[in-house]
Amino acid sequence: MQRAIRASISAIIIGLIAAATGDALADGDAGQGREIADRLCKGCHVVGVDNRHGGIDSTPSFFLMSDKLDKYRERLWSLKSRPPHTAYERLNDVSIDDIEHLLAYIGNLERP
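Since the structure is predicted, the reported quantities are computational estimates derived from the model, not experimental observations.

Criteria and thresholds
Residues numbered from 1 in each chain as written. Predicted model: local features only at pLDDT ≥ 70, side-chain atom pairs only at ≥ 80, totals over all residues. Heavy atoms only, no water. Core = buried A, V, L, I, M, F, W, Y, C linked by side-chain atoms within 4.5 Å. Buried < 20%, exposed > 50% of the residue type's maximum accessible area, 1.4 Å probe, protein only. Helix = DSSP H or I, 4+ residues; strand = E, 2+ residues; numbered from the N terminus. Expected span 1.5 Å × (residues − 1). Contact = heavy atoms within 4.5 Å. Polar contact = N/O pair within 3.5 Å; in protein donor to acceptor, adjacent residues only side chain to side chain. Phe/Tyr/Trp six-rings, centres within 6.5 Å; stacked < 30°, edge-to-face > 60°. Lys NZ or Arg CZ within 6 Å of the ring centre and 35° of its normal.

### Focus on the nonpolar core
Ala37, Cys41, Phe62, Leu76, Ile99, Leu102 and Ile106 are the most contacted members of the largest nonpolar core, which totals 22 residues. Among the secondary structure elements, those contributing two or more residues to this core are helix 2 (30-41), helix 3 (62-67), helix 4 (69-77) and helix 5 (96-108).

### Points about helix 5
Compared with an ideal rise of 1.5 Å per residue, which puts 13 residues at 18 Å, helix 5 spans 18 Å between its outermost C-alpha atoms and is within 8% of the ideal. Among all positions in helix 5, only Asp98, Ile99, Glu100, His101, Leu102, Leu103, Ala104, Tyr105 and Ile106 are buried. Looking at the buried side of helix 5, the elements it contacts are helix 2, helix 3 and helix 4. Its side-chain oxygen placed 3.3 Å from the backbone nitrogen of Asp97, Ser95 serves as the N-cap of helix 5.

### What to know about the packing of aromatic side chains
All told, the structure shown has one aromatic pair when counted by the stated rule. On the numbers, 6.2 Å between centres and 50° between planes, the contact of Phe62 with Tyr105 is tilted. Here Tyr105 lies in helix 5 and Phe62 lies in helix 3, a separation of 43 residues in the sequence. For the pair Phe62 and Tyr105, a shared accessibility class is recorded, and that class is buried. Stacked on the ring of Tyr88, the Lys or Arg Arg90 has its end atom at 4.8 Å from the ring centre.

Next comes the structure, spelled out in structure tokens:
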């Protein structure tokens with residue numbers, strides 16, 4: 001329970017920082033975002049054309065996230081506080097910069 005509360009507080013703080021610093025896409029590096037997606041997200045999400053059939057059916061693809069970026073921007077900022085992501089310890093070290101890089105990658109992703 002305490003872990004979930006800490007994760008929620010962290011997500012709120014990160015979201016407030018992001019809102020205060022402006023558009024996250026302006027600061028992120030799409031190339032680094034792709035590396036982060038390959039390392040942390042690819043097991044469950046389709047993150048690009050090379051794993052178009054690799055995601056879990058219930059997870060949104062990065063192509064969908066790109067199409068609806070306004071909705072998914074907020075969801076990415078709260079990534080660590082929402083199930084099933086709370087169960088993945090590998091996300092403990094995801095930083096504000098990592099989220100910005102992921103947003104830059106998703107924001108620049110084009111459908112094949």
